[in-house]
Amino acid sequence: MKRIILTLALGLGLLTANAQIEKLSGPRIGITLIGAGPVADFLHEGFDFDEEDGFGSTGAALTTQYGWQWESRFADGGGEIVGIVEWIVLVAGMEQGKFLPSATSVIGARTSKGLEFGVGPNLSLSGVGMVFGVGYNFKSGNLNLPVNLVFMPGRELTGNRYNGEEYKYNTGSRISIMLGFNMSNR
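The following refers to the structure shown. Keep in mind the model is a prediction, meaning the values are calculated, not measured. (Residues numbered from 1 in each chain as written. Predicted model: local features only at pLDDT ≥ 70, side-chain atom pairs only at ≥ 80, totals over all residues. Heavy atoms only, no water.)

**A closer look at the side chain of glutamate 71**
- By secondary structure assignment, the location of glutamate 71 is in strand β2 (residues 61–74).
- By relative accessible area, which is 3% here, glutamate 71 ends up buried.
- Polar contacts involving the side chain of glutamate 71 include one to the side chain of glutamine 69, which spans 3.1 Å.
- There is a polar contact of 3.0 Å between the side chain of glutamate 71 and the side chain of arginine 110. (Helix = DSSP H or I, 4+ residues; strand = E, 2+ residues; numbered from the N terminus. Buried < 20%, exposed > 50% of the residue type's maximum accessible area, 1.4 Å probe, protein only. Polar contact = N/O pair within 3.5 Å; in protein donor to acceptor, adjacent residues only side chain to side chain.)

Here it is as structure tokens:
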């Protein structure tokens, strides 16, 4: 019974808080440069990649991304800065017949002039990483056109060759330019 009451209380609290939050959502497209590492190897050679030479042996890769962004504004007291939380789900590699999904959550801020920045976790087939983004939200009436530059540093890991020899490799840093649009109610 306590769980039901707690669930109802939380649900009502979220619904009440929701009334004060402007939600924005819309498509996102972009292009990403992936540094040498296992994801770049997969883009170059697919499942045929032989890791005997070590991850990253095929060099950097370029891929497109397509997906959807959900955004909620919070701490919007009518001032110069508004807090934002974004959830972005993307698929990369489709131009090469590959499927590389990712999900990102970003918390940040946007100024009244349109400058925005944020940071948050990213989950993809290569693991979990942290993304850092900066951008500008162009407005035309109720239309928002966000343009963002996103960076995700690679991680140093250790792998083993077939002969048992250890080697160090980087998962590959990523730099993306993302574009999107959505409509506001204001």
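**Structural notes on the environment of valine 89**
- Within the secondary structure, valine 89 sits in strand β3 (residues 81–92).
- With relative accessibility at 40%, the residue valine 89 sits in the partly exposed group.
- Here the alpha-carbon distance between valine 89 and serine 124, two residues 35 residues apart in the chain, equals 10.0 Å.
- Excluding residues within four positions of it along the chain, valine 89 makes contact with Tyr66, Gly67, Trp68, Trp70, Ser102 and Ala103. (Contact = heavy atoms within 4.5 Å.)

**Side note on the nonpolar core**
- Grouped together as the largest cluster of nonpolar side chains are eight residues: Ile34, Val39, Ala40, Phe42, Leu43, Ala61, Ala92 and Leu100.
- Ranked by the residues each element gives to this core, the list is headed by helix α2 (residues 38–45), at four residues.
- Setting aside chain neighbours within four positions, we find isoleucine 34 in contact with Val39, Ala40, Leu43, Ala60, Ala61, Thr63, Ser173 and Arg174.
- One finds Ile88, Leu90, Val106 and Met178 within the second-largest nonpolar core, a separate group that totals six residues. (Core = buried A, V, L, I, M, F, W, Y, C linked by side-chain atoms within 4.5 Å.)

**Notes on the side chain of asparagine 148**
- Following the sequence through the fold, asparagine 148 ends up in strand β7 (residues 143–152).
- Judged by relative accessible area, which is 11%, asparagine 148 ranks as buried.
- Among the polar contacts listed, one links the side chain of asparagine 148 to the side chain of glutamate 116, at a separation of 2.8 Å.
- Once you skip the residues sitting within four places of it in the chain, asparagine 148 turns out to touch Arg28, Glu116, Val134, Gly135, Ser176, Ile177 and Met178.

**Examining the layout of surface pockets**
- In this model, the largest pocket occupies a volume close to 240 Å³.
- Lining the largest pocket are 14 residues, with Arg73, Val82, Arg110, Thr111 and Ser112 sitting closest to its centre.
- Among the secondary structure elements, those contributing two or more residues to the lining of the largest pocket are β4 (100–111) and β6 (127–140).
- For the lining of the largest pocket, the per-class residue count stands at one nonpolar, six polar and seven charged. (1 Å grid on protein atoms, 1.4 Å probe; cavity = no way out; pocket = protein on both sides within 12 Å on 5 of 7 lines; lining within 4 Å. Points joined across faces, edges and corners; volume = space filled by probe spheres on them. Nonpolar A, V, L, I, M, F, W, Y, C, P; charged D, E, K, R; others polar.)

**So, the pairing of β2**
- By the alternation rule, side chains of β2 split into Ala61, Thr63, Gln65, Gly67, Gln69, Glu71 and Arg73, which are all buried, and Leu62, Thr64, Tyr66, Trp68, Trp70, Ser72 and Phe74, of which none is buried.
- As paired strands, β2 and β3 are joined by 10 bridges and run antiparallel to one another. Bridge pairing in β3 links glutamate 71 to glutamate 86.
- Counting the residues in the hairpin turn of β2 and β3 gives six residues, including alanine 75, whose phi is positive at 50°. (Pairing = 2+ DSSP bridges.)

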